[in-house]
Amino acid sequence: GTATAFDTTGDLDSLQLYYETDSGQASIGPYSSGGSTHLSFYTNSGGGAASEKARVDSSGRLMVGTTGTTIAGLNAYLQVEGLSGETGAISVTRNSNDAGGPYLMLSKSRGTSDNSENIVSAGDRVGTILFNPADGSDKAHTTASIAVEIDGTPGANDVPGRIIFNTTADGASTVTERLRIDSR
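The shown structure was predicted, so the numbers you read here are calculated from the model rather than taken from an experiment.

Caption draft 1: Highlighting the overall build of the protein. Along the backbone of the protein there are zero helices and 11 strands. Reading the protein from its N end, one meets helices and strands in the order β-β-β-β-β-β-β-β-β-β-β. Of all 184 residues assigned to the protein, the portion counted as buried reaches 18%. Split by element, the accessible area of the protein, about 12,700 Å² in all, is 53% carbon and sulfur.

Here's what the structure looks like:
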């Protein structure tokens, strides 16, 4: 294969890395659109033009298969979107010769800076999993959610919790609590 680094403007503000083999090509470089610059990753296989596979935009969001989607009013900093089960999925696997499995971790503190350890309070929401289908105009309305909250007074190494299951009734636009498992 052939690897090339080139400057598309002559002033080193848009240096791109490009790699080509008989079976495909890939490139990484800054691209500008709509007044903002983003870093894009392009690949292809088996000929034809390379297409964008991932992007880091000027706000620091990492987007795979999308250029930005708002769901439930949030434009998340990690977004994956696709047209199939494989391209529209996130996979976490743990390979270890023991009984341990992988983790999906949601965490909360009352801090005001990154890496804070400020203690949470009773009733604080530790995390929520939202299920937001397209309704023909957007993905703003949640059809169901699973939430975890602090269920009592927390202390060092003592954080009681509850799990809340919510669904949206036919004709409604917001979720309603249907089941609660508390810390008692």
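Caption draft 2: Highlighting the sheet that holds strand 8 (residues 125-131). Read from one edge of the open sheet, four strands run 8-9-10-11, paired in antiparallel fashion. The sheet is open, and its two borders are formed by strand 8 and strand 11 (176-181), each paired with just one other strand. Taken pair by pair, the neighbouring strands of this sheet meet at an average axis angle of 20°, ignoring direction. Where strand 8 lies against strand 9 (residues 144-150), six bridges are found, and the strand directions are antiparallel. For G127, the partnering residue across the bridge sits in strand 9 and is V148.

Caption draft 3: Up close: unusual backbone geometry. Phi at A72 takes a positive value of approximately 55°, unusual for a residue other than glycine. With respect to the helices, strands and loops of the structure, A72 is situated in the loop between strand 6 (62-64) and strand 7 (78-80). Owing to a relative accessible area of 28%, A72 belongs among the partly exposed residues under this scheme. Phi at N115 takes a positive value of approximately 65°, unusual for a residue other than glycine. Looking at the element boundaries, N115 is found in the loop between strand 7 and strand 8.

Caption draft 4: Geometry of the environment of G127. When you line up the elements, G127 lands in strand 8. Classification of G127 by relative accessible area gives buried; the value is 15%. Linking G127 and I146, residues 19 residues apart in sequence, is a C-alpha distance of 8.5 Å. Leaving out residues up to four positions away in the same chain, G127 has contacts with L106, I146, A147 and V148.

Criteria and cut-off values
Residues numbered from 1 in each chain as written. Predicted model: local features only at pLDDT ≥ 70, side-chain atom pairs only at ≥ 80, totals over all residues. Heavy atoms only, no water. Helix = DSSP H or I, 4+ residues; strand = E, 2+ residues; numbered from the N terminus. Buried < 20%, exposed > 50% of the residue type's maximum accessible area, 1.4 Å probe, protein only. Areas by Shrake-Rupley, 256 points an atom, 1.4 Å probe, with all protein chains shown as cover. Pairing = 2+ DSSP bridges. Axes fitted to C-alpha atoms, helices over the stretch in contact; angles between N-to-C directions. Contact = heavy atoms within 4.5 Å.

Any functional reading would require information beyond the geometric quantities listed.
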